[in-house]
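Residue-level listing of the chains:
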Number of protein chains: 2
Amino acid sequence: MTNPEKIVGVKDIAKALHISLGTVDRALHDRPGVSPKTRDLVLKTAEQFGYKPNLAAQALKLNRRLSVAIVLPRHISHFFDPLRDGIRTTAAAAVGVNLALEFIEYPRLGSGDLEAFRKAIQEHYDGIIFLPGDVRKYEPLARKAAQDGIALMCVGSDAPNTGRIGAVSVHASVSGAIAADLLSQNLTSRSEVAIFTGELSTLDHGEKLRGFAAALAMIAPHLTLRPALESHERPREAYRQAFEVMQTKNRPNGIYISTANSMPVLKALEELGLLGKIKVVATDLFRELVPLIETGKVLATLHQRPFTQGRVALENLLIYLLRDQKPQPIVQLAPHVIFRTNLCLFENQIGQSTGEEIEADFC
Amino acid sequence: MTNPEKIVGVKDIAKALHISLGTVDRALHDRPGVSPKTRDLVLKTAEQFGYKPNLAAQALKLNRRLSVAIVLPRHISHFFDPLRDGIRTTAAAAVGVNLALEFIEYPRLGSGDLEAFRKAIQEHYDGIIFLPGDVRKYEPLARKAAQDGIALMCVGSDAPNTGRIGAVSVHASVSGAIAADLLSQNLTSRSEVAIFTGELSTLDHGEKLRGFAAALAMIAPHLTLRPALESHERPREAYRQAFEVMQTKNRPNGIYISTANSMPVLKALEELGLLGKIKVVATDLFRELVPLIETGKVLATLHQRPFTQGRVALENLLIYLLRDQKPQPIVQLAPHVIFRTNLCLFENQIGQSTGEEIEADFC
DNA sequence: TTGAAAGCGATACCAC
DNA sequence: GTGGTATCGCTTTCAA
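Reading guide: rules and limits
Every chain is numbered on its own, with residues counted from 1 as its sequence reads. Throughout, the order in which chains and ligands are written sets their labels, letters from A for the former and numbers from 1 for the latter. At least 70 in pLDDT is required for a residue's local features to be given in this predicted model, at least 80 for side-chain atom pairs to be given and counted, and no such filter applies to totals for whole chains, interfaces and linings, which use all residues. Only hydrogens and water are set aside when side-chain values are computed; all heavy atoms of the structure are taken into account. Any residue with at least one heavy atom within 4 Å of a molecule or strand is counted as near it. Definition of a polar contact: a pair of N or O atoms within 3.5 Å, with one able to donate and the other able to accept a hydrogen when the atoms are protein atoms, and with sequence-neighbouring residues admitted only if both atoms are side-chain atoms. Strands are runs of DSSP state E lasting at least two residues, helices are runs of H or I lasting at least four, and both sets are numbered from the N terminus onward. Residue polarity follows a fixed list, in which Ala, Val, Leu, Ile, Met, Phe, Trp, Tyr, Cys and Pro are nonpolar, Asp, Glu, Lys and Arg are charged, and the others, Gly among them, are polar. For every residue, the accessible area (1.4 Å probe, protein chains only) is compared with the maximum for its type, and the residue is labelled buried under 20%, exposed over 50%, or partly exposed between those bounds. Contact criterion: two residues are considered in contact whenever any of their non-hydrogen atoms come within 4.5 Å of each other.

Peer 1: Looking at this structure, I do not really get the protein's contact with DNA strand C. What am I missing?
Peer 2: As a matter of local geometry, DNA strand C sits amid 27 residues, with Val10(A), Asp25(A), Gln58(A), Ser20(B) and Lys61(B) nearest to it. Atoms of DNA strand C within 4 Å of the protein: sugar and phosphate make up 69%, bases the balance. Between Val10(A) and DNA strand C, the recorded distance is 2.7 Å, taken from a backbone N or O atom to a phosphate oxygen. Asp25(A) is positioned such that a nitrogen or oxygen atom in its side chain is 2.6 Å from a phosphate oxygen of DNA strand C. Among the secondary structure elements, those contributing two or more residues to the surface near DNA strand C are α2 (21-28) and α4 (55-62) of chain A together with α2 (21-28) and α4 (55-62) of chain B. Among the elements that make up the surface near DNA strand C, the one with the highest residue count is α4(A) (5 residues). Tallied by class, the residues present in the surface near DNA strand C amount to 9 nonpolar, 12 polar and 6 charged.

So this is what it looks like as structure tokens:
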């Protein structure tokens, strides 16, 4: 082996400079009670010796305890369950903190979400991980919480200008653009295409639409976009809209469903005998979608990597809270494009994991 | 806040049972010198109290030091540099270990690789991360090292039956299958397709070929596969082969380049005026490829996520070495499919990072 | 088989 | 401003 560099600690620095441990510590942490002269001297020798604090010892002494609330909807579970798992996994691996996680659930976005969020704020957690739905409604609450010193971390979407310390989501406009790309690769003749979305008041949904439309204009001039269909995440509404639009004269040959609420749309297609004839790009992955992808009835789906979102959200929150250094504030993940051919790598992420050898996103 | 559960430590258990710290420790770690009776008692109460060892204290006391060698080629740097970065990033975040990393480089696979590996083995590192090239040649060496107690972790490819403790790579046969899928989506009429590969003696390259061929047979009966072209990673050879095959009578309309050595092939296409007329799926992402993807001259590229490979490789190696529990042994990542539309999310991963807001794979 | 005590490295408090 | 010292929770050695 090479590099038998002796590892240096505060003690070594103190000894070398013939000063006390306390002084060294104060100097290193820029605390009051040191003369600028000795402070600089300590800093310089620390640098020179290549001093790195022993994180284990630091953690032990500081004995930090943090409370973090995770405020997310129960529905849609195939997205939020793995997201919560990502958070739990990260928490389990966290060394040197006494981390108390509080999972707070509400039925679904737009129903009980604000109340849950407001309640969480009042509990004065050190940090809160949440999904900002209707941004306008979240803004005042979030801003106040941030001012109160609560570290807010957004997942799934973002709430800019609220003082939140970070956000983790899939890159929304790129998601839309990929969908456009795929449809344009698979529809060679002039056609109409349609987009089914959820809540345009949620920032990310609007972004997906914009990305989709922009990419169509750029790279697929032969495809015409119909007005967006907003289902407000209500299955019946989505079904009705799909049924209707597919019976118009110039019915679309391509569809992008930008929300996980895709089954009603697919059901309508099925009933109209259009499944397989129309190119469909969906969002997320769940059990009912699997056979449709396998058989090619759904061309592709854009996987939003909920596990990774959860993992990164907590990781960055902890970096902020513990190492009080700002992490990468806005993380916008690349969605995974799932076709029938790579579907197998993601199947273990739905429902109970099978303990298989293959791990897809490592997430 | 809820859950003010007091955190229990060994001391609490000792106190509750009126025994000493030493005994509790011995019992918890199944060490000799405890009567079975007290051992069980301790274990039971620990369970009951929900005892979790304080990892920081444990790490501090144990004061473990590990040496890990990373034996990888310099070439191709756009793959191996980020891989090394992933390793460094993980190392920087490791708490409670004095980790000594030794990066050992050799020119390229097949030239100095075995020598470097052999030398590393003789140094008796605690662990070695390496890329097994020609499996047959690596096998005897690796098997011996494993028997000597060195923890071997493969990246980029695998070397089964060597006693290696794990492997991290992209799922090779799925990579091939995705390429086939993309070509079949973009070539609607009967055509020939060709595959350019590197070294078929490297396990993963053979797997890509198999996956490609199998998927073509399954989902693209209208596409015929020509005999594979093996460049042995030599640019001139790849160029020559490409030039030749593109001038045959029934020249292929689709190409899958399963190695990062794609530029010579693309150069040949360019010179023949075929760039843009032929559907090309490449591998990996590097600077010269960017404009070709942007303009649609290359349909897509399969990103092998080197950063993540490095991160996961060291993570799992450390789990094995420190927590002496077996991690997920074989990790086969899903490659990212990069089109012109999501290219922007990956550009910050080539060359110097720009400190932008967008982080693609989080890797 | 069990108990007592030292010590890992960094921090914080109290005395000077 | 600075020095000395107890302390965090766990492991380990030495005595009993």
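Back to the text.
Peer 1: Is there a simple way to think about the environment of Ala116(A) in this case?
Peer 2: All names here are of chain A. Note that Ala-116 resides in helix α6 (residues 113-122). In this structure Ala-116 comes out as buried when scored by relative accessible area, which is 11%. Considered as a pair, Ala-116 and Val-174 are 58 residues apart in the sequence and their alpha carbons are 31 Å apart. What Ala-116 contacts, discounting residues up to four positions off in sequence, is Val-71, Ile-104 and Tyr-106.

Peer 1: Just checking my understanding: could you explain the protein's contact with DNA strand D for this structure?
Peer 2: In the vicinity of DNA strand D there are 27 residues, among which Thr23(A), Gly33(A), Val10(B), Asp25(B) and Gln58(B) approach most closely. The sugar-phosphate share of atoms of DNA strand D within 4 Å of the protein amounts to 66%. Arg31(B) places a polar side-chain atom, nitrogen or oxygen, 3.5 Å from a phosphate oxygen of DNA strand D. Taking Asn54(B), its main chain carries an N or O atom lying 3.2 Å from a phosphate oxygen of DNA strand D. Of all elements in the fold, only α2 and α4 of chain A together with α2 and α4 of chain B reach the threshold of two or more residues within the surface near DNA strand D. Per-class residue counts for the surface near DNA strand D are 8 nonpolar, 13 polar and 6 charged.

By themselves, these observations are geometric and do not establish any function.
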